[in-house]
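# Topology and contacts: notes
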Amino acid sequence: MADQPTSQPKKLYIETVGCQMNVLDSELVVARLRDDGYELTDDIDQADAILYNTCSVRQHAEDKIYSALGRIKHLKKKKPELAVGVLGCMAQKDQGQILKRAPHVDVVIGPGQLGRVPELIAKAKAEATPQMAVSLARNAGSREHVTSSFDSYDADREPAVRPSTFQAYLRVMMGCDKFCTYCIVPSVRGPEQSRPPSGIVAEARLLAMQGVKEITLVGQTVNSYKHKEADGRITRLSDLLARLHDVDGVERIKFITSFPNDMTDDLLQAVRDLPKVSRYIHVPAQSGCDLVLKRMKRMYTAAFYEEMLARLRETIPGSSVSSDFIVGFCGETDESFEKTVGLLERSRFKNSFIFKYSPRTGTKADDLYPDDVPEEVKRRRNHVLLDLQTRISLEDNRAFIGREETVLVEGRSRSTTRKEGWEGPDQLTGRTHCDRIVVFDGPDELSGRLTRVRIENASAVTLFGRVAEGQVAGPV
Ligand code: 5AD
Ligand code: SF4
């Protein structure tokens, strides 16, 4: 018989904001803390440890965390043994300031130190002093020295906090070297490092053994992935996709986020030729105006971006592309904004994530350029782009009506169906090969399987359909 636990498991409440990288980081932190005797709870009042895995990309994300910290102050008063932690990008960016603003915080741990969470929580408790672990600043020494201060700890995985049983993120690279002038990521996530392919493939096998069907490779500029072995052999993202394609059990592979300049032909051909690779590419344009792009230091022009897009679409028929845009970046005039509108209109993205520029201390843009576009103008431009994108998404989604698509079924979805006004029983949700969300009626057994679905209706974000006659597809 297994050993009986000698004490009640400690309860962990964790909230994650920000990008997929953070979702993955939280999975790894939870795995470590489980080994340390914690179990997850959704009830913050019951927690013995409350952790926030944070984002610094925009001010709004930081404000939310500071108010959450304010809200839990009373819990800490009631229960002094409660451990409160700020993890991730904000921890690296604000460091000791977090302890000044929120003295009830016990641990401040940057993204390059997350493997130390259990040790630092224990130390904070034992010594009754807050603990901080952050990596070196980008200018604190040689590249090797700074890089070595960002630990990798991807071996631990924790199925319970994945987006779904069948889907998992897999980190292929860390950090970023592009230094777009508006972006805090290169400072908080450190130098770009590509993981050795052998470790990535081993992790994919492990995930497949755990029942994962869809793996999303994550990296800030994932298509810049390049790993050099000691013998000089180079693995590019296209090579890595080919190796992962051979992993039994994995039925779909995606990768996010791509950088326009690194969209090489070998990669596009790999997406075309490897049937398990989703025909979906997220490649942010950020702006359609060359002057703005230059000030952002994106290192391409709008024409280059559009040529890249044409090449992508020519190489990969049936693909879909999504983008990010920042509106109201320093010096963005009406004329520059109109250029962005034009680019968005011509590009026919599946969807676009649109952000109002938020100045970040420590970035080049914040040093060099005034944040001179009024909030009201940013808001208006945000709406204009969103409305236009919604119109395009709806038109392009409606073109799917009457088609049969292969859908990887993710499970039942309350939120997707309820938001669209559906009032019957919860429906299944999944995605097409080009990453479009599909909602349809069907039995639970279809979850985790590739299923042929006939599309009967569409909104700007969702396709609606029914299982095609006698169709449960095998691998795509
Ligand atoms: N302000 C607004 N949006 C930003 N992004 C990155 N930094 C900022 C900022 N300072 C956006 C970019 C990026 C996405 C993840 O967040 O569009 O692609
Ligand atoms: Fe930030 Fe640019 Fe790197 Fe993306 S490529 S993480 S926007 S610096």
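Above this text is the structure in question.
Residues numbered from 1 in each chain as written. Chains lettered and ligands numbered in written order. Predicted model: local features only at pLDDT ≥ 70, side-chain atom pairs only at ≥ 80, totals over all residues. Heavy atoms only, no water.

### Observations concerning the sheet that holds strand 10 (residues 214-218)
Reading across the sheet, the three strands line up as 7-10-13 and stay open at both edges, with parallel pairing between neighbours. Edge positions in the sheet fall to strand 7 (167-171) and strand 13 (252-256), since each of these pairs with one other strand and no more. Recorded for the sheet is a direction-independent mean angle of 25 degrees between the axes of neighbouring strands. Contacts from helix 1 (residues 20-35) reach strand 7, strand 10 and strand 13, with the element oriented near 95 degrees to strand 7. (Pairing = 2+ DSSP bridges. Helix = DSSP H or I, 4+ residues; strand = E, 2+ residues; numbered from the N terminus. Axes fitted to C-alpha atoms, helices over the stretch in contact; angles between N-to-C directions. Contact = heavy atoms within 4.5 Å.)

### Quick notes on the site of ligand 2
Lining the immediate environment of ligand 2, one finds Cys176, Lys178, Phe179, Cys180, Tyr182, Cys183, Val185, Pro186, Gln220, Thr221, Phe259 and Arg298. Considering only residue class, the shell around ligand 2 consists of eight nonpolar, two polar and two charged. (Near = heavy atom within 4 Å. Nonpolar A, V, L, I, M, F, W, Y, C, P; charged D, E, K, R; others polar.)

### Focus on the site of ligand 1
Residues in close proximity to ligand 1 include Val57, Arg58, Tyr182, Gln286, Asp324, Ile326, Phe355, Lys356, Tyr357, Ser358 and Arg360, which together make up its full environment. Contact distances for ligand 1 include 2.7 Å between an oxygen atom and a side-chain N or O atom of glutamine 286. At a separation of 2.8 Å, a nitrogen atom of ligand 1 approaches a polar backbone atom of serine 358. Contact with the protein chains removes 86% of the 410 Å² of surface that ligand 1 exposes when unbound. Listing elements by their share of the shell around ligand 1, those giving two or more residues are strand 15 (320-327) and strand 16 (351-356). (Polar contact = N/O pair within 3.5 Å; in protein donor to acceptor, adjacent residues only side chain to side chain. Areas by Shrake-Rupley, 256 points an atom, 1.4 Å probe, with all protein chains shown as cover.)

### Some words on the packing of helix 13 (residues 302-315) against helix 14 (residues 334-347)
In contact at an axis separation of 11 Å, helix 13 and helix 14 are set at 5 degrees when each is read in the N-to-C sense. For the element pair helix 13 / helix 14, the angle class is roughly parallel. Counting all contacts with helix 13, which are made through Ala302, Tyr305, Glu306, Leu309 and Arg313, the residues of helix 14 involved are Leu343, Arg346 and Ser347. (Parallel < 35°, antiparallel > 145°, perpendicular 65-115°, else oblique.)

### Observations concerning the side chain of threonine 406
Within the secondary structure layout, threonine 406 lies in strand 17 (residues 404-413). In this structure the side chain of threonine 406 is engaged in a polar contact, spanning 2.7 Å, whose partner is the side chain of arginine 452.

### Some remarks on the pattern of salt bridges
Opposite charge on two side chains permits them to pair, given that their charged atoms come into close proximity. Under the criterion given, the structure shown has 39 salt bridges. Between aspartate 334 and arginine 381 there is a salt bridge, with the nearest N and O atoms lying 2.8 Å from each other. Of the two residues, aspartate 334 sits in helix 14 while arginine 381 sits in helix 16 (residues 375-398), which places them 47 residues apart along the sequence. Given a relative accessible area of 54%, aspartate 334 falls into the exposed group. Residue arginine 391 is joined to glutamate 395 by a salt bridge in which the shortest nitrogen-to-oxygen separation is 3.3 Å. (Salt bridge = Lys/Arg side-chain N within 4 Å of Asp/Glu carboxyl O. Buried < 20%, exposed > 50% of the residue type's maximum accessible area, 1.4 Å probe, protein only.)

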